[in-house]
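As a plain string of letters, each chain reads:
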Amino acid sequence: MKAVYFAAAATCAALVLTTLQAGAAVKHNAPGYPISGVPFTAVKVSTDSFWGDRIRQSRDVTIPLAFSKCQETDRYTNFEHAAAKMAETARGDSSSNYRPTQFPFDDTDVYKTIEGASYLLQTYPDVKLEAYIDSILDIVAAAQEPDGYLYTARTMNPAHPHSWSGPTRWAGEESGSHELYNLGHMIEGAIAHYQATGSRKFLDIAIRYADCVCREIGYGDGQIIRVPGHQIAEMALAKLYLATGDRKYLDEAKLFLDNKGKTARKDKYDQSHLPVIEQDEAVGHAVRAGYMYSGMADVAALTGDLSYVNAIDRIWENMVGKKMYLTGGIGSSGSNEGFSDNYDLPNMNGYCETCAAIANVYTNYRLFLLHGDAKYIDVLERALYNGVISGVSLDGGGFFYPNPLESHGQHRRQAWFGCACCPSNICRFIPSVPGYAYAVCNNQVFVNLFMSNTLSTKVGGKTLEIKQETSYPWNGDIEISVEKAASSQFALKIRIPGWTRNQVVPTDLYTYADGKNPCYSILVNGEKVNSEITNGYFTIERKWKKGDKVNVHFDMEVRTVQAHRQVREDRGKIAVERGPIVYCAEWADNTFNVLNAEIPANLSKVEVVSGTMNVEGRDYRMNYITIGCAKDNYAGNPSVARNAVLKLIPYYAWAHRGSGNMTVWLNRY
Ligand code: FUB
Ligand code: ZN
């Protein structure tokens, strides 16, 4: 099984020369992405580091909490009731009247938590955790119908399923049953579990459900056409194809995409208003959208269908050019949990669901794998350090579902939600972050994210081990040491982040307001090297050997940013960034109302202070920014503004010390 997976990955790499070196749009005529992501299993993040802390908190807090919430909120009971109902029916007993929990996708919280726990097992082997997952999988397996269907919201009470489920299988899929959404998360969790443990237990459950779907939904006689009302099955089935080598899963994913907009349902909400290849605007529910674009990229990479790529390229221009927050958050409107009009980016009411920021990461990662351009990683990094991790507290146990950019104190972190998609997505996402750090393509190694870690991979068929040491994102110094390389010639491609190249985002949606010109430098074994930056990468091609060292330095200045003039909400306002981190002003650090504070575009008396935030007795490391030239417009009247020192904290760290005013965008004077 594993062999098939890696064979497919190797083919991906072989395609690159004919695509990326041509420098033009990717031509797909072989399976797989032109560039291969290096899996999280190959990257060991140092425990004492920014991401090491986050992953440890996933292990110590987030994932145990999610498992306990799955128990406490009867998510496991759903599976038990489904199994009980089948047993009762077999005995001819129809007296029970089980009721599913609140949402027909509550099962997915179990799958997503198992997925996250499986990623963790790579970094922290844990026999007890493995045994616990195994015991949950026994409960899950028992809820599977004999033909593979696994959807507790119907099985526990076929005559009275969940009100969104529809009277029969798939009848409610396009309007809200989430049967295929359940499948998607099940597959993602099952593959992670298989990769981590080598056990087929979860994988076989997922394969049985996937086979059931492929038997019932298709173009053949006796089959029906249905498309996912909430996308994710597309990318999951593409992954299942890679894991098993069975083409029918990829064909099913393509069927789902090709029929979107062609069934009876036509609604922007779930992107069914048009066939996917005709779409050019990011619309509707943002998580559905981001998952669909990701699925389109996967299926395009595996089938060579360029029409998908052209569509997502157009949609990306619209999304990143007109509909994305400075934090990488997407989906500004609460009414549809999704996109609204171009440039409509309200701050206080900005929805920016945590899951949508994660979906933004997925989409941009895949576009990078298709096009090899660092601009996608720039967007990914922006979402990662801001809109995604704002969704989980510093201690890993408090969550945000919406992530607005301004607050009057009405927003509070919570330990769980009735609709728990965001906490359980955090469970699976944070431990997978190391998987976004590197990519390879023939004899090229892309260093995309900066974090202390060791990488062990193959480049051009030869073993490569490198070590990254850095305090990023708190400073821009990174040392990359070659630990093992069989004297091999390869190109190290180091991403020069957009914020170093004076590009806030790869569109004109946000621009720097301070006219600064940061620099960067790269030394190899102490000698300065020069290279053109191509597609955002600084390339060092040489014969590398053990002991070689690359020292990267990015000037990490405090920068001010302004939004495109059509973003009404941000007119006359300035935001502050440093490196990949967006800052905000919060009530707890300032004696005046931060919503009335004013700063100039060219900051003076600015200090970056290395410090900690104390939350419930624990200190969390971060850099603060103090701005000495701020004005406290205390009466709401600019003519009486007093001089003030404004203290800013990373946006992701807001709402940890009670509730009060917070803003990312500050008035400009
Ligand atoms: O529908 C499943 C999940 O629940 C969505 O992705 C979230 O937006 C929430 O509505
Ligand atoms: Zn969510």
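In this report, we go over the structure that sits alongside the text. None of these values were measured; they are calculated from a predicted model.

Thresholds applied
Position numbers for residues count from 1 along each chain, tracking the sequence in the order it is written. As they are written, the chains are lettered A onward and the ligands numbered 1 onward, keeping that order. Where local features are concerned, this predicted model is filtered to residues with pLDDT of at least 70; where side-chain atom pairs are given and counted, the filter is 80 or more; whole-chain, interface and lining totals use all residues. Only heavy atoms go into the side-chain values, all of them from the structure, while hydrogens and water stay out. A helix here means a DSSP run of H or I that spans at least four residues, while a strand means a run of E at least two residues long, and both kinds are numbered starting from the N terminus. Values of the radius of gyration come from C-alpha atoms, whereas the globule rule sets the reference at 2.2 Å times the count of residues to the power 0.38. Contacts between residues were defined by any pair of non-hydrogen atoms, one from each residue, lying within 4.5 Å. Areas reported here follow the Shrake-Rupley algorithm with a probe of radius 1.4 Å; residue values treat only the protein chains shown as occluding. As used throughout, the charge tally considers Lys and Arg to be positive and Asp and Glu to be negative, leaving His and the chain termini uncounted. A single reference atom marks each charge: NZ on Lys, CZ on Arg, CG on Asp, CD on Glu. The axes are straight lines fitted to the C-alpha atoms, using for helices just the contacting stretch, and the angles between their N-to-C directions are given from 0 to 180°. An angle below 35 degrees is read as roughly parallel, one above 145 as roughly antiparallel, one from 65 to 115 as roughly perpendicular, and any other as oblique. Two helices that cross are described as forming a left-handed crossing if the nearer one is turned anticlockwise from the farther one by less than a right angle, and a right-handed crossing if clockwise. For this classification, the nonpolar set comprises Ala, Val, Leu, Ile, Met, Phe, Trp, Tyr, Cys and Pro, the charged set comprises Asp, Glu, Lys and Arg, and every other residue, Gly included, is treated as polar. The donor set comprises N, O and S atoms within 2.8 Å of the metal, extended to 3.2 Å for Na, K and Ca; water molecules are omitted, so apparent gaps in a site may simply reflect that omission. Donor angles set the geometry label: tetrahedral for four donors if every angle is between 85 and 135 degrees, square planar for four and octahedral for six if opposite donors exceed 155 degrees and the others are between 65 and 115, irregular for anything else. Burial classes: relative accessible area under 20% of the type maximum marks a residue as buried, over 50% as exposed, and values in between as partly exposed (1.4 Å probe, protein chains only). A single heavy atom is enough: if one lies within 4 Å of a molecule or strand, its residue is considered near that molecule or strand. Polar contacts, as used here, are pairs of N or O atoms within 3.5 Å; protein pairs need one atom able to donate a hydrogen and one able to accept it. Residues neighboring in sequence count only if both atoms are side-chain atoms. Strand pairing is defined by DSSP finding a minimum of two bridges between the two strands. Any Phe, Tyr or Trp ring, taking Trp's six-membered ring, that has another such ring centre within 6.5 Å forms a pair; planes under 30 degrees apart are called stacked, those over 60 apart edge-to-face, and the others tilted. Whether a charge lies above a ring is judged from NZ of Lys or CZ of Arg, which has to be within 6 Å of the ring centre and within 35 degrees of the ring normal.

A closer look at the overall build of the protein
(1) Moving on: The helix and strand tally for the protein stands at 17 helices and 24 strands.
(2) Moving on: Scaling as 2.2 N^0.38, a compact globule of 669 residues should have a C-alpha radius of gyration of about 26 Å, and the protein matches this with 25 Å.
(3) Moving on: With respect to the principal axes defined by its C-alpha atoms, the protein has extents near 80 × 65 × 50 Å.
(4) Moving on: Taking the contacts inside the protein whose residues are at least 6 apart along the sequence as the reference set, 69% of them involve residues at least 24 apart.
(5) Moving on: For the protein, the accessible area works out to roughly 23,000 Å², and carbon and sulfur atoms hold 49% of it.
(6) Moving on: Taking the 67 positively charged and 72 negatively charged side chains of the protein as two groups, their mean positions are separated by 3 Å.

Comments concerning the packing of helix H12 (residues 247-259) against helix H13 (residues 286-303)
(1) Moving on: As a packed pair, H12 and H13 sit with axes 10 Å apart at the nearest point and diverge in direction by 130 degrees. Taken together, the axes of H12 and H13 lie oblique to each other. Note that H12 runs across H13; the crossing there is left-handed. Here Arg 247, Leu 250, Ala 253, Lys 254 and Leu 257 of H12 lie close against H13, whose contacting residues are Met 292, Gly 295, Met 296, Val 299, Leu 302 and Thr 303.
(2) Moving on: Across the contact of H12 with H13, the residue classes tally to seven nonpolar, two polar and two charged.

Brief notes about the coordination of the zinc ion (ligand 2)
(1) Moving on: Protein coordination of the zinc ion (ligand 2) is provided by Glu 353 (OE), Cys 355 (SG), Cys 421 (SG) and Cys 422 (SG), with donor distances spanning 2.0 to 2.4 Å.
(2) Moving on: Angles of 95 to 116 degrees at the metal separate the four donor atoms of the zinc ion (ligand 2), which places the site in the tetrahedral class.
(3) Moving on: Each donor residue of the zinc ion (ligand 2) belongs to the same chain, and together they define the spacing E-x1-C-x65-C-C. With Cys 355 in helix H15 (residues 354-371) and Cys 421 in helix H17 (residues 421-429), the pair connects residues that are 66 residues apart, well separated along the chain. The same class applies to Cys 355 and to Cys 421, which are both buried.

Considerations on the site of ligand 1
(1) Moving on: Surveying the vicinity of ligand 1 reveals the residues Phe 105, His 178, Tyr 181, His 230, His 285, Val 287, Glu 337, Glu 353, Tyr 401, Cys 419 and Cys 421.
(2) Moving on: At 2.8 Å, a side-chain N or O of His 285 approaches an oxygen atom of ligand 1.
(3) Moving on: Note that an oxygen atom of ligand 1 is positioned 2.7 Å from one of the side-chain N or O atoms of Glu 353.
(4) Moving on: Burial of ligand 1 by the protein chains amounts to 94% of its free accessible area of 270 Å².
(5) Moving on: Here the residues of the shell around ligand 1 sort into six nonpolar, three polar and two charged.

Points about unusual backbone geometry
(1) Moving on: Residues Tyr 472 and Pro 473 are joined by a peptide bond in cis, for which omega reads 10 degrees.
(2) Moving on: Inspection of the secondary structure puts Pro 473 in the loop between strand S7 (462-470) and strand S8 (477-485).

Things to note about the sheet that holds strand S6 (residues 453-459)
Strand pairing in a sheet is mediated by backbone hydrogen bonds. Such pairs are either parallel or antiparallel.
(1) Moving on: Sheet architecture is open: seven strands sit in the order S2-S6-S7-S8-S15-S11-S12, paired in antiparallel fashion. Whereas interior strands pair on both sides, the edge strands pair on one side only; in this sheet they are strand S2 (43-45) and strand S12 (527-528).
(2) Moving on: Judged from the three bridges that link them, S2 and S6 form a sheet pairing that is antiparallel. Looking across to S6, one finds that Lys 44 is bridged to Thr 454.

Here's the deal with the packing of aromatic side chains
Two aromatic rings are characterised by how far apart their centres lie and by the angle between their planes.
(1) Moving on: All chains considered together, the criterion is met by 36 aromatic pairs.
(2) Moving on: Of the aromatic side chains, those joined through ring pairs into one cluster are Phe 50, Trp 51, Tyr 385, Phe 450, Tyr 472, Trp 474, Trp 499, Phe 554 and Tyr 652.
(3) Moving on: Over the face of the ring belonging to Tyr 512 we find Arg 559, whose NZ or CZ atom lies 3.9 Å from the ring centre.
(4) Moving on: The aromatic ring of Tyr 669 is capped on one face by Lys 631, whose charged end is 4.9 Å from the ring centroid.

A closer look at the environment of Val 640
(1) Moving on: Turning to its location among the elements, Val 640 is positioned in the loop between strand S21 (618-632) and strand S22 (642-650).
(2) Moving on: Val 640 has contacts with Asp 632, Tyr 634 and Ala 635, leaving out every residue within four places of it along the chain.

Things to note about the sheet that holds strand S4 (residues 438-441)
(1) Moving on: Spatially, the six strands line up as an open sheet ordered S1-S4-S5-S9-S14-S13, and their pairing is mixed. Strands with a single pairing partner mark the edges of an open sheet, and in this sheet they are strand S1 (36-37) and strand S13 (533-534).
(2) Moving on: Bridge count between S1 and S4: two bridges; the pairing is antiparallel. Paired with Gly 37 across the strands is Ala 439, a residue of S4.
(3) Moving on: Sheet strands in contact with helix H16 (residues 374-388) are strand S9 (488-495) and strand S14 (537-544), and its direction is about 50 degrees off that of S9.

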